[in-house]
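So you can see what is in the structure, the chains are spelled out below.
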Number of protein chains: 2
Amino acid sequence: MFAIAPATGKANLSAGQLKLLSGKARWIFRVGEAGFPTVPTIAITRAAWEELQAERGRRDTRLRTHWVACLFKLVSKDGTPPLLVVRTSAATHNSGLAPAKLGIAAPAAPEDAVDPARPLAKAIKQAFESYGFFGRGWTGLRHEDDRARQIVLVQAVGHGSVEQFLTRNAMTGQLGPAPLDGTPLPRLPADVHKLIDLLDAKAGRHMACLVSIDGGRVTFLSARPVQASAGAELEAAVDRVERKVWTPQGAVTRVDPSRLALMLHPRLKSPEEATPIARGLGVSPGAASGIITFNPDDAARLRARGKHCILVVNETGPADIEGMKAATGILTARGGMSSHAGVIARITGKPCVAGVRSLSVDAGEMVCRIGDREFRPGDRLTIDGTDGSVYLGTLPLAQPQIGGAIGKLLGWSDASRTVAVRTNVETVESAQTALTFGAEGIGLARSEHMFFSPERMVALRRMILSEDEDQRARALAGLVDYQTGDYSALFSAMKGLPVTVRLFDPPLHEFLPRTDEEIEETAASLGVAVRALRLRLERISEITPMLGHRGVRLAITYPEILQMQMQAVLAGARAASERQAEPVIVEVMVPFVSTATEVAWIRERALGMVENSGLARSDRVRFSFGTMIELPRACLRAGDIAGMVDFISFGTNDLTQTTFGISRDDAPVFLAAYQRKGVYERDPFVTIDEKGVGEMIAIAIARGKAANPDLKIGICGEHAGDPASLQFFAGLGVDYVSCSPYRVPVARLTLAQASA
Amino acid sequence: MFAIAPATGKANLSAGQLKLLSGKARWIFRVGEAGFPTVPTIAITRAAWEELQAERGRRDTRLRTHWVACLFKLVSKDGTPPLLVVRTSAATHNSGLAPAKLGIAAPAAPEDAVDPARPLAKAIKQAFESYGFFGRGWTGLRHEDDRARQIVLVQAVGHGSVEQFLTRNAMTGQLGPAPLDGTPLPRLPADVHKLIDLLDAKAGRHMACLVSIDGGRVTFLSARPVQASAGAELEAAVDRVERKVWTPQGAVTRVDPSRLALMLHPRLKSPEEATPIARGLGVSPGAASGIITFNPDDAARLRARGKHCILVVNETGPADIEGMKAATGILTARGGMSSHAGVIARITGKPCVAGVRSLSVDAGEMVCRIGDREFRPGDRLTIDGTDGSVYLGTLPLAQPQIGGAIGKLLGWSDASRTVAVRTNVETVESAQTALTFGAEGIGLARSEHMFFSPERMVALRRMILSEDEDQRARALAGLVDYQTGDYSALFSAMKGLPVTVRLFDPPLHEFLPRTDEEIEETAASLGVAVRALRLRLERISEITPMLGHRGVRLAITYPEILQMQMQAVLAGARAASERQAEPVIVEVMVPFVSTATEVAWIRERALGMVENSGLARSDRVRFSFGTMIELPRACLRAGDIAGMVDFISFGTNDLTQTTFGISRDDAPVFLAAYQRKGVYERDPFVTIDEKGVGEMIAIAIARGKAANPDLKIGICGEHAGDPASLQFFAGLGVDYVSCSPYRVPVARLTLAQASA
């Protein structure tokens, strides 16, 4: 029990008391201490309050005397005891907390100050009770300690009118009084700016401020932080640097990278060329395309399989949050800006169109109607959460631009960052997007993605379905030219930055024709009988393709594939090199190795081809050879592998799958239950599992570096875009990470924080 | 160059010379040294021979003088220079070696003894050349050294008739002269028994012996070991113990456990009740049933999927060996006892019927005919390689019995063994088989195998396809009774030995109906519409079931399954306990865990049920709780897990799959290429990969024991039946291994050798 803003004089808190200042108490003390008129306020901890009550039971009064003396600090020089206000002051907001209790008469006698039947003590008791109890568990003791330190504030009532406002605009981040919760901004005297500057500098966050205004004078009552939009927070951070409240590095340290990710929305490339089939409210910005799903569980399954989907529902509720996170966009028939869908969509950064009146959803029958059109699961829609439009099919999207406040912050962040940030792309268009986001190279070009067009697929299938080496070599010859052009363009687009080409990785199984129609088409294009093709397919098909004939296993069993790929990469490098002044830095990476012998086998052949490639010596010298480490055995044998490679790059997706024995595709079904039951704290496919997968990586780095001190270390799984995982990787001393283009800014900021 | 059996006197070899005695040279020296009449013999190393030739180039004669002196040791007291024989003496037999060159005149002059144009030196040169060159590689230097130590023998020609015989019968192992390669046994003088006793004791193997017989006197010329049948080797080993040539422990150490495995053939249970559809030659004993395949590759794939198959071909060749190893039995249209199929089948212990004249195979059209019946892949046959019969369909087989020589040897082996041997079974019949093989408990009862009957499958599917917890609980209730009876019978069958029940493990996916017919049947039995069932199936089906919703994940997401299983196990234990005097030792094991939290979750519930089970306190005390360790993460976190369990048991199949990232089902396609190209030396699913999977196991044991010194360690993957792997496990200090019933004798012998 102590005054944090006495009616007269300074608070003069001890170090122990300063530590107790959580929640509002902190801001009241800080503002008062800085000399801004602040309503007299005292604080009492639960420990002190409980001791007061115990003393009362013992009919003792020593502590009560001290408490009464404390209450006297609320009395101004004129000596009139004020009416009192009792407030909670929790560190984090909690909707169960008691609201401020106003207009309590000052106790008439010392006994009244501690008697829970009297108004003041009653209000204090209720305030403490509203904190509730923390759950028990491993951290029970710590919680017990925290509980004793909870505080309740007793303030004098402010004179005049009580007003609320924000210190910065919630949408734009601009400094100055701004309306709170949609209520109109009151007229405020000029000296409120002094308070706002003070609080903004002290708190470094958007604050909701409570003041009393009496005769043109502002008295500070209380303040609490509020969550602004990610954009507003970022603008505010940059503004604070420009006002010299923060240093650039201070801004870099304080912006939450996961909030940054929310700002990087795609938008429609040419909205003027498309006609919406419906309109609703744009309640969360950004555009999204995908297949329709009516069920949040299905959204999770689709996402796990790498599919974009639009969750179409009448309205959402708390049970749907996981599904909403999994969906690429959300479309609802009912609700508006403050609907559950809108709120959650904005928090999670998902584009959302709400309240589309022409939409009706029958989830049981798995059908929805927009006007007189009928849609079923698998049909495609595009939504624009910025203006509320809904379009038929998949429209082309443009990627967000980096500029303004984001650009400034990322520029500052690069100054302290020591880990390079690359990107996972394989097309020139994505490469250009990634460059605008600040990517410093390509860390993972998945060569198989280059076959995702119908004519190339036919060529690829011809290769896969070859009965012997000759047939396969002929089929492959047809693929070299395509690939050469692709690689040459990609190398040129990257303008002298390194490009890591991962050799063909996926199970051949994935490229096989499946439906009757595809099988007939393929048989015709290959000139074989449908029955013969079916027999061949039956023999090739795998039970567990994910752990099957893929990665380095393809290159060793069919060396022609390796040869074709290397030929195309090297011819592409030669072409790019002849065309441009910048060097071409090619890194070839072998996927899915489990033994050093596999690496040696590929290395011998690949380096032989480089030697005979006709590339200039300077380009050959720059060529480097490495391997992905994505299997537990490769981690253990990293010492053997390291001697044969220039770099290793961890494929954390596959490494998580094999270390945990969990298929990411199938995990949503039980991971949801696991998180609900507290078996897993986090989804290991989102945030790296430090104690398991992380130890695997640490073992591999230690053994690899011991065998080859020059070994370069990269990370190229999706975890390379997750802030918590990036912090961990930075601690392991990796040289670079490689993530999807959108995640490049997040990685730049997080790694700057990790290096700070 | 030195005499190993001089015409007069003793050989008196130096320690260095003794080391050079490889191949026949060793037996000639040993027999001569023991005083048995032996034809005069000298040996020359390649190093010495090459030095002799180099000296000749330098026109020097120092070494030649020594060589000529050596040759004089072949001359008997009467001084007549004998005709000579030149023989190779390789450590291991090689079909490219030069045959013995007979009747060479002794050199007339010292120059002739080294001149390759003259008969003696020419024969020596040819003999060395026939050794050929070893391949180069990592071990090149060692090979170079070995090459210099190769030796060639020069012998005097024996007088009288030259005869060959075996020291023991190749089929029965009985001591005494026996026919070699089907040639009739010559008449031999009585003192040949002295030679045979001598050689059998010195070599400890079946030996092919070459002697000359002149006037009823036997002179030893040469001997080489021959491979006898596994049964004959075993009988011989036991016979040597009974003759006090070996100690019992000596016999245990010397018998190759993988040869022991070959003797444990199944046989037809009731051959008198079946009529063969064809007869051929029984060229490799034992009976086998399985589906027909015409292609060795398919045999490998089927085996990987746990299917038995009969490889049906016109004849086999060297390219088919892998497929033959994978097949359960082999049936050929052509060939006989000494055909490729027969030889390989006997070596690999596969039942084989060869030369079935009524069989014709058209592998291209994937069809075969036996008489006028037509068979296609998937049809079933049974063959009996003991008498050459071929039967339609799958006939019941009886398991081999342990007795006679095997029984004696295993009895001796148990004396020195320190690691317990359990078995992987779940039926009373298999348990009884395993007990006759000496199993000391059940280390793995796969509870899901108890559902492999049509009526239980319906009940199980009803459970899997339940839409909610209530439905699922009702479906499960119907399963408790079945399981209780099963467990009670199993516990009783094991008569006081421990039984480890693994909780339900497989992906539910595996139990779903697949064909249209099954789906219609299931829909009818569940009383739901076919369309609704298809929708539900679509939602449940998994992409990678092997890493999907299985193992502990089932128990946590559907605690009703755990409850049903524990109820059945405990009720079974109660029933068995009431019926018998022996204690019931139940161990419950949780499969597929990756975190300690999962173990804690199950432990709390399982132990709670044990407390309330109504079991006697003595039985409750004996109850133990453990977990399988079959994922890399579980190995790393074994320290956390160990504190919560009484035992851990390594599932080496799954651990190999996840550590290597290789699906065993799909591996044959590329593993064959990998072994051909020398990328893998061994199939990691047959012999444990010590450097990867082995390190994982070692890490887990070290961390587990550090956290819980009383932790019991088991191994229950298929590697627990492989001799090389068992040696490795014994070195890690495991407490028990658990393998399939047939493999129990192999494990008993191997672990006795490992403890010796």
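Not measured: the values here are computed from a predicted model.

Okay, the pairing of strand E29 (residues 712-715) of chain B next. All names here are of chain B. In terms of strand pairing, strand E28 (residues 647-650) meets E29 through 4 bridges, oriented parallel. Across the sheet, Phe-650 pairs through a bridge with Ile-715, a residue of E29. As paired strands, E29 and strand E30 (residues 736-739) are joined by 2 bridges and run parallel to one another. Across the sheet, the residue bridging to Gly-714 is Tyr-736, located in E30. Viewed along the sheet, the connection from E29 through helix H29 (residues 723-731) into E30 turns out right-handed.

Residues and elements named next belong to chain A. As recorded in UniProt, the feature "binding site: Mg(2+)" (unreviewed entry) lies at Glu-630 and Asp-654. Spatially, the listed residues are clustered: although they cover 25 residues, their C-alpha atoms lie within 5.5 Å of one another. Topologically, Glu-630 is positioned in the loop between strand E27 (624-629) and helix H24 (632-636). Given a relative accessible area of 1%, Glu-630 falls into the buried group.

Bringing the relation of the copies chain B and chain A into the picture now. With an RMSD of 0.4 Å, chain B superimposes on chain A once it is rotated by 180° and translated 0.1 Å along the axis. Such values leave the two copies arranged in the relation of a two-fold axis. Taking C-alpha positions as reference, the residue of chain B nearest the rotation axis is Thr658(B), located at 2.5 Å. Interface overlap between copies: 100% of the residues of chain B at the interface are likewise at the interface in chain A, consistent with a symmetric, same-surface contact.

A word on the pairing of strand E21 (residues 389-392) of chain A. Residues and elements named next belong to chain A. Across 2 bridges, the pairing between strand E11 (residues 278-279) and E21 is antiparallel. In the sheet register, Arg-279 faces E21, and the bridge partner there is Ser-389. Bridging between strand E20 (residues 380-384) and E21 involves 4 bridges; their strand directions are antiparallel. Each bridged residue has a counterpart across the sheet, and for Ile-383 the counterpart in E21 is Val-390.

Okay, the sheet that holds strand E17 (residues 359-362) of chain B next. All names here are of chain B. The sheet built from 3 strands is open, its strands ordered E17-E18-E19 with antiparallel pairing. Edge positions in the open sheet fall to E17 and strand E19 (373-375), since each of these has one partner strand only. Strand-to-strand twist of the sheet, defined as the mean angle between neighbouring strand axes without regard to direction, takes the value 20°.

Conventions used here
- Residues numbered from 1 in each chain as written.
- Chains lettered and ligands numbered in written order.
- Predicted model: local features only at pLDDT ≥ 70, side-chain atom pairs only at ≥ 80, totals over all residues.
- Heavy atoms only, no water.
- Pairing = 2+ DSSP bridges.
- Helix = DSSP H or I, 4+ residues; strand = E, 2+ residues; numbered from the N terminus.
- Right-handed = clockwise from strand over helix to strand, strands pointing away.
- UniProt positions renumbered as here; feature names shortened; annotations may be inferred.
- Buried < 20%, exposed > 50% of the residue type's maximum accessible area, 1.4 Å probe, protein only.
- Least-squares fit on C-alpha atoms with pLDDT ≥ 70 in both.
- Contact = heavy atoms within 4.5 Å.
- Axes fitted to C-alpha atoms, helices over the stretch in contact; angles between N-to-C directions.

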